[in-house]
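The lines below spell out each chain.
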There are 2 protein chains.
Amino acid sequence: MGTTELPNSPAEVRGLIRTGQWRGVTAGVAPRYVQANLAILPQALAFDFLLFCQRNPRPCPLLEVIEAGQVEPALTAPGADIRTDVPGYRIYENGELTAEVLTLAEHWRDDLVSFLLGCSFSFESAMTDVGIPLRHQEMGCNVPMYITNIPTIPAGTFSGPMVVSMRPIKRDQIVRAVQVTSRFPATHGAPVHIGDPAAIGIKDISRPDFGDPVEIRSGEEPVFWACGVTPQAVAISSKPSLMITHAPGHMFITDQRDADYAVF
Amino acid sequence: MGTTELPNSPAEVRGLIRTGQWRGVTAGVAPRYVQANLAILPQALAFDFLLFCQRNPRPCPLLEVIEAGQVEPALTAPGADIRTDVPGYRIYENGELTAEVLTLAEHWRDDLVSFLLGCSFSFESAMTDVGIPLRHQEMGCNVPMYITNIPTIPAGTFSGPMVVSMRPIKRDQIVRAVQVTSRFPATHGAPVHIGDPAAIGIKDISRPDFGDPVEIRSGEEPVFWACGVTPQAVAISSKPSLMITHAPGHMFITDQRDADYAVF
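Residue numbers restart at each chain and count upward from 1, following the sequence in its written direction. Chain labels run from A onward and ligand labels from 1 onward, assigned in the order the entries are written. Residue-level local features of this predicted model are given only where pLDDT is at least 70; pairs of side-chain atoms are given and counted only at 80 or more, and the full residue set underlies all totals for whole chains, interfaces and linings. The side-chain values count all of the structure's non-hydrogen atoms but skip hydrogen atoms and water molecules.

**So, a nonpolar patch on the surface**
And then number 1: A patch consists of residues whose relative accessible area exceeds 30% and which take part in no salt bridge; residues with like charges are grouped when within 9 Å of each other, and nonpolar side chains (Val, Leu, Ile, Met, Phe, Trp, Tyr) when within 5 Å. Only the protein chains shown count as cover for residues, and all accessible areas are computed by the Shrake-Rupley method using a 1.4 Å probe. We count a salt bridge whenever a side-chain nitrogen from Lys or Arg sits within 4 Å of a carboxyl oxygen from Asp or Glu. A cluster of nonpolar side chains, A:Val263, A:Phe264, B:Val263 and B:Phe264, forms an exposed patch at the surface whose accessible area comes to about 330 Å².
And then number 2: Elements are defined by DSSP. Helices are runs of H or I of four residues or more, strands are runs of E of two residues or more, and each kind is numbered from the N terminus. Turning to its location among the elements, A:Phe264 is positioned in the segment after strand S11 (252-257).
And then number 3: The rule is simple: take the accessible area with a 1.4 Å probe, protein chains only, and divide by the maximum for that residue type; under 20% is buried, over 50% is exposed, in between is partly exposed. A:Phe264 gets classed as partly exposed once you look at its relative accessible area, which sits at 45%.

Laid out in structure tokens, this is it:
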């Protein structure tokens, strides 16, 4: 089943994932509904990670925390099961990727706490809605992401640099891009930097640390937003005994609409 | 030393409090600087309380969390000491008020986690700046507060109804009041209700549960905002072995300016 034939309802898409009838990259799936990054950690690390997210809301915009012993995102997707409704998972042990799996049936433990974090799809819709084109979408590739020299605020064992995503924006559309993304603080919000990559520690804009390079054309500036890769990178670098994430691009689809998270 | 003779610098005011040279209600002290509600809980309850705040940002807008073993609000007031720099504290044991003290020297424990939460002074300044008068300020009394039938989202042992504050606003200023307070989500933000008190479970508007009654005049509607009493009430009702708060009206004064917390 291709993406274009999928139902629009998040619950129906999650049902297809849960029963193994569809699995894939979720970009463009269930348009207008909020998709989420996933990070699952043992309860012993949960306070520090929650505090890290509270201190760094731009890269770590928390949508929901599912407490230990529970598997239902009751606030953002009632009836869903976080163990089965994501179309791909990654298992990290002591900071090393040890498996990619399609369900968490064999990895679940009752001491695991699940964190759902906003992703960039919401604010990208806000930009394309007002006629700001997105180069990586035009090119059909991943958004380029870079490790910066912008520090996050540490919490417990969690610390590290902010990871940002970059979108080239025409100079006469930069103000509008700031305005429309500012409405979505729950999905990374306003840019963290506009222009010179070197000012935030990026040495070579043509070589992203994650994702794919995209062309910056004459009349455009690179604009940088805090990226949801940050909390995953920070968590993995602390080498927790177990950490589970979604597979890249395989997000959790909530029942919340983008508009539900607009500040006004 | 009266309030009017106090220095404008938050650090200097905190120094006077720490050395016992001034203690009092902090309304109007260090204008334009953010003041904070304080809740201190044992580490065993810290994850649940942090999660409660994350789930209920309107009544519980977290400004900073000071981890167990630390006493400095390093993000909002570097150099301050949470044990000495608040002009009055209340000690609760098993949900009962057992003492009012001027320092925490004799009550401090290394397992205590301190939560600083935004208060209404910031958004009240935003309203008076645009010419919206505040009745309780005109009357020189406390803002009236009410227990509503609006549920909070529970977390662990913490649950309970939302407490709101009420300000009568002229009908032709209500839209402006919504606009200017919406800019301050870190200090309760936009109203949670406008008009009919019964719709949110308030039976008698002339008898607030906390604070003082104020007159609602012809041409005015009661407008309700989430109140920082909510997290304290919720925490106390869970009867923690120890909980410490600021004394009513005796807030912690941070180095952050109101404008630092405006969303834009």
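**Observations concerning helix H1 (residues 10-18) of chain A**
All names here are of chain A.
And then number 1: Those residues of H1 lying buried are Pro10, Val13, Arg14, Leu16 and Ile17. Viewed along the axis of H1, the buried residues span an arc of 155°, placing them on a single side of the element.
And then number 2: Against the buried residues of H1 lie strand S1 (33-42) and S11.
And then number 3: Gly20 sits one or two residues past H1 and shows a positive phi near 75°. By construction, the arc corresponds to the directions joining the helix axis to the C-beta atoms. Note on contacts: a residue pair qualifies if any of its non-hydrogen atoms lie within 4.5 Å across the two residues.

**So, the relation of the copies chain B and chain A**
And then number 1: When the copies are overlaid, the least-squares fit takes in C-alpha atoms only where the residue has pLDDT of at least 70 in both copies. With an axial shift of 0.0 Å and an RMSD of 0.0 Å, the rotation relating chain B to chain A amounts to 180°. Such values leave the two copies arranged in the relation of a two-fold axis. In terms of C-alpha distance to the rotation axis, chain B has B:Phe47 as its closest residue, with the C-alpha 2.5 Å off the axis.
And then number 2: When the interface residues of chain B are mapped onto chain A, 100% of them are again interface residues, pointing to one common binding face.

**Focus: helix H2 (residues 46-55) of chain B**
And then number 1: For H2(B), the buried fraction is high: nine of the 10 residues fall into the buried class.
And then number 2: Every buried residue belonging to H2(B) is among B:Ala46, B:Phe47, B:Asp48, B:Phe49, B:Leu50, B:Leu51, B:Phe52, B:Cys53 and B:Arg55, and all of these are buried.

**Some words on the domain arrangement of chain A**
All names here are of chain A.
And then number 1: Start and end positions for the domains come from either an automated domain assignment or a database one. Annotation of chain A at the domain level lists domain 1 (3-118 + 235-261) and domain 2 (121-231).
And then number 2: With centres defined by C-alpha atoms, the gap from domain 1 to domain 2 works out at 22 Å.
And then number 3: At the interface, 27 residues of domain 1 touch 27 residues of domain 2.
And then number 4: Across the domain 1/domain 2 interface, buried area totals approximately 2200 Å², and carbon plus sulfur atoms make up 63% of it.
And then number 5: Of all residues in domain 1, the largest losses of buried area upon contact with domain 2 belong to Phe52, Arg58 and Pro59, amounting jointly to 28% of the total for that side.
And then number 6: Scanning the region where domain 1 abuts domain 2 turns up one salt bridge.
And then number 7: When the shortest N-O distance is used, the salt bridge between Arg32 and Asp129 registers 2.9 Å.
And then number 8: Identification of polar contacts relies on pairs of N or O atoms within 3.5 Å, with a donor-acceptor requirement for protein atoms, meaning one able to donate a hydrogen and the other able to accept it, and with residues adjacent in sequence counted only if both atoms are side-chain atoms. Counting across the interface, domain 1 meets domain 2 through seven residue pairs in polar contact (both at pLDDT 80 or more).
And then number 9: At the level of secondary structure, the elements contributing two or more residues to the side of domain 1 that touches domain 2 comprise S1, helix H2 (46-55), strand S5 (112-118) and helix H6 (229-237).
And then number 10: With five residues, the top contributor of residues to the side of domain 1 that touches domain 2 is H2. A quick way to say it: buried area is the sum, across both parts, of accessible area lost when two parts are put together, with a 1.4 Å probe.

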